[in-house]
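This is what each chain is made of:
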Amino acid sequence: MTAYIIRRLLTLIPTLLGVSLLVFSITRLTPGDPVRQIVGPDAPQQRVDEVRQQLGLDQPILVQYWKFLTGAVRGDLGRSLLTRQPVVREIRDRLPVTLKIATISVIIAVAIGIPLGVISAARKYSAVDTLATLFAIGGVSMPLFWFAIMAILLFSIRLQWLPVGGLHGPIWTLEGMKAYVLPCITLALTPIALIARLTRSSMLEVLDREYVTVARAKGLEERRVIIRHALRNALLPVVTFVGLQYGFLLGGAVVTETIFALPGVGRLAITAINQRDYPVIQGVVLMVAMIFTMINLIVDVLYAWLDPRISYA
Amino acid sequence: MRDQALPRSGFDAPGVSPLAGARIARFVRRFSRNRLAMVGLVIIAIFLIMAIFAPWLAPYDPIAQDLPAQLQPPSAAHWLGTDDFGRDILSRIIVGSRVSLLVGVLATSIGATCGTCIGLAAGFYRRLDNLLMRIMDILLAFPSVVLAIAVIAVLGPSLFNVMIAVGINSIPTYARLVRSTTLSIKEKEFVEATRALGSGDSRILFRHILPNCLNPIVVYSTLQLGTSILSASILSFLGLGIQPPNPEWGQMVNAGRGWLRDAPHIATFPGLAIFLVVMGFNLLGDGLRDVLDPRTSRA
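Analysis parameters
- Residues numbered from 1 in each chain as written.
- Chains lettered and ligands numbered in written order.
- Predicted model: local features only at pLDDT ≥ 70, side-chain atom pairs only at ≥ 80, totals over all residues.
- Heavy atoms only, no water.
- Helix = DSSP H or I, 4+ residues; strand = E, 2+ residues; numbered from the N terminus.
- Buried < 20%, exposed > 50% of the residue type's maximum accessible area, 1.4 Å probe, protein only.
- Contact = heavy atoms within 4.5 Å.
- Lys, Arg positive; Asp, Glu negative; His and termini not counted.
- Charge placed at Lys NZ, Arg CZ, Asp CG, Glu CD.
- 1 Å grid on protein atoms, 1.4 Å probe; cavity = no way out; pocket = protein on both sides within 12 Å on 5 of 7 lines; lining within 4 Å.
- Points joined across faces, edges and corners; volume = space filled by probe spheres on them.
- Nonpolar A, V, L, I, M, F, W, Y, C, P; charged D, E, K, R; others polar.
- Salt bridge = Lys/Arg side-chain N within 4 Å of Asp/Glu carboxyl O.

Draft legend 1. Highlighting the overall build of chain A. Of regular secondary structure, chain A possesses twelve helices and zero strands. When the elements of chain A are put in sequence order from the N terminus, they spell out α-α-α-α-α-α-α-α-α-α-α-α. Taken along the three principal axes of its C-alpha coordinates, chain A extends 85 × 60 × 35 Å. In chain A, which comprises 313 residues, the proportion classed as buried is 48%. Considering only intrachain contacts with a sequence separation of at least 6, the fraction spanning at least 24 residues in chain A is 71%. In chain A, which carries 30 positive and 19 negative side-chain charges, the distance between the mean positions of the two groups comes to 5 Å.

Structural data, given as structure tokens:
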């Protein structure tokens, strides 16, 4: 197992190098002179040259990449062009909000998606199953930003139960908690549908296995057969999927944070794009890709650990 | 000697042989039995007709402003109401369907073409496999929205760049899909026989291996069409896609956000259009998968 983890960690190196190269290219591939975009079109040539030198953009491209890479490893991603704050600090200040939204959304998705999938499979072709299938199709087809707006319209404007947006104190207070309800439900909607669908198909596959038939033949109660025998094995692919969804939710947070005016990393990225704040864009993309890659690694290792049939060779 | 592609499961090009005709008939019979897939087909057909005949179907000019008629709720004159500039929302949705479907089709085509070529090369040439698949891993290291944002950051916000950004997102999945099929097909005896008859690599790849990859590509593309439309609408909603005053559904929802209290219909109807068209493609894709690619269909 240790050898497997080490081997898996080693395969990460080329991927992360590629990710860093791609992120580094963001400013270099942008049409026009990035320095001109920073200092403005009317700035004198002397000022342009000064800024170019300050940013190290007058050096050969390989030297620039090496500096970017070593800086990133040390946690130095440059400064925001807008606020002049270190990019790492900008991200660090906003990351907790994004992580909270993504984590709560995953918990909601698992808490609703798995039972829905299990009930759907246990009562195949029943009204519950049809409803769950329709919900799953609707969930994966739903534009999240529209769902969020409709939720604001109903719960915030018409019923006035929940705030329209923004944070209202720490999450452990009632008002603070209320601010997270709509963003998290919005973000959890598609994963609920996908997890329910996957759990259903995985359960149906397992319920056909011989050991389940044997368990039933032994006279075990159906609930016990489903929970103790079928669900434990059916959950293996779901575990992988849930892990991957967590990574995707970090991306999805861009939309919910924008709509609900939450000060997270996603909103930071959109503001940075609109202001052409390239160091921040680079920092956010690099950070999210790193987290996403690490989650994939953890999911792979967890899956191998959970399923003894998987060979580590 | 003119060699022929070997039969594949599902359907072949129309009018090739009586065998192919029988396959098409069987495909149509099986597909038409799937009620949800037929619902999807009807939804797509309606939106397609709407997009093709948009200039004739739209009751008003979608861009022309009529300030005295601003923020009107749905009425006989304006079936879906008007926006803050007095523009008819139904007309904007009808004309906007062209943009959404075009983005969906072109973005999916970009992803399918690039991904298929990469998958074919990776599966066929062992030396390229590792390199190409590692590059695909790098693309997969980014959540789709984040990758799209990075692409838009480089290229700038525009409709064409949205298509590229959304298309790039789907390249790795196509590449993996085609690579796995190529790996299994290239070991088959008929490929060896074709090579023995003097066929070159490109002929083997495009005449024999590619036709066998088509079923999963068709199925995935149908599902991807919905995803592409959804992703493009997200980018437009975030202000990174088509710029006003041209109508696009995502951008229309965004414009309606500011009027939720007084005129909720501005954001409601364009969002409903996105939901319906994406659901149509998902239902159609699920139905096609059940018929063409039953091995991967859900239980």
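Draft legend 2. Quick peek at empty space enclosed by the protein. Under the defined criterion, the tally for this structure stands at one cavity of 30 Å³ or more. A volume near 80 Å³ is recorded for the largest cavity. If you trace the largest cavity, you find 13 residues lining it, with Val 254, Val 265, Val 284 and Val 288 of chain A together with Val 146 of chain B closest to the centre. Of all elements in the fold, only α5 (87-122), α10 (222-259), α11 (265-275) and α12 (278-306) of chain A together with α6 (144-155) of chain B reach the threshold of two or more residues within the lining of the largest cavity. At four residues, α12 of chain A tops the list of elements feeding residues into the lining of the largest cavity. Here the lining of the largest cavity is built from residues that sort into eleven nonpolar, two polar and no charged.

Draft legend 3. Summary view of the interface of chain B and chain A. Listed by partner, the interface residues are 41 residues for chain B and 46 residues for chain A. Between Arg 197 of chain A and Asp 286 of chain B there is a salt bridge, with its nearest N and O atoms 2.5 Å apart. Taken together, the elements giving at least two residues each to the side of chain B that touches chain A come down to α5 (126-140), α6, α9 (201-237), α10 (249-256) and α11 (265-292) of chain B. Among the elements that line the side of chain B that touches chain A, the one with the most residues is α11 of chain B, at twelve residues. In terms of residue class, the side of chain B that touches chain A is made up of 29 nonpolar, six polar and six charged.

By themselves, these observations are geometric and do not establish any function.
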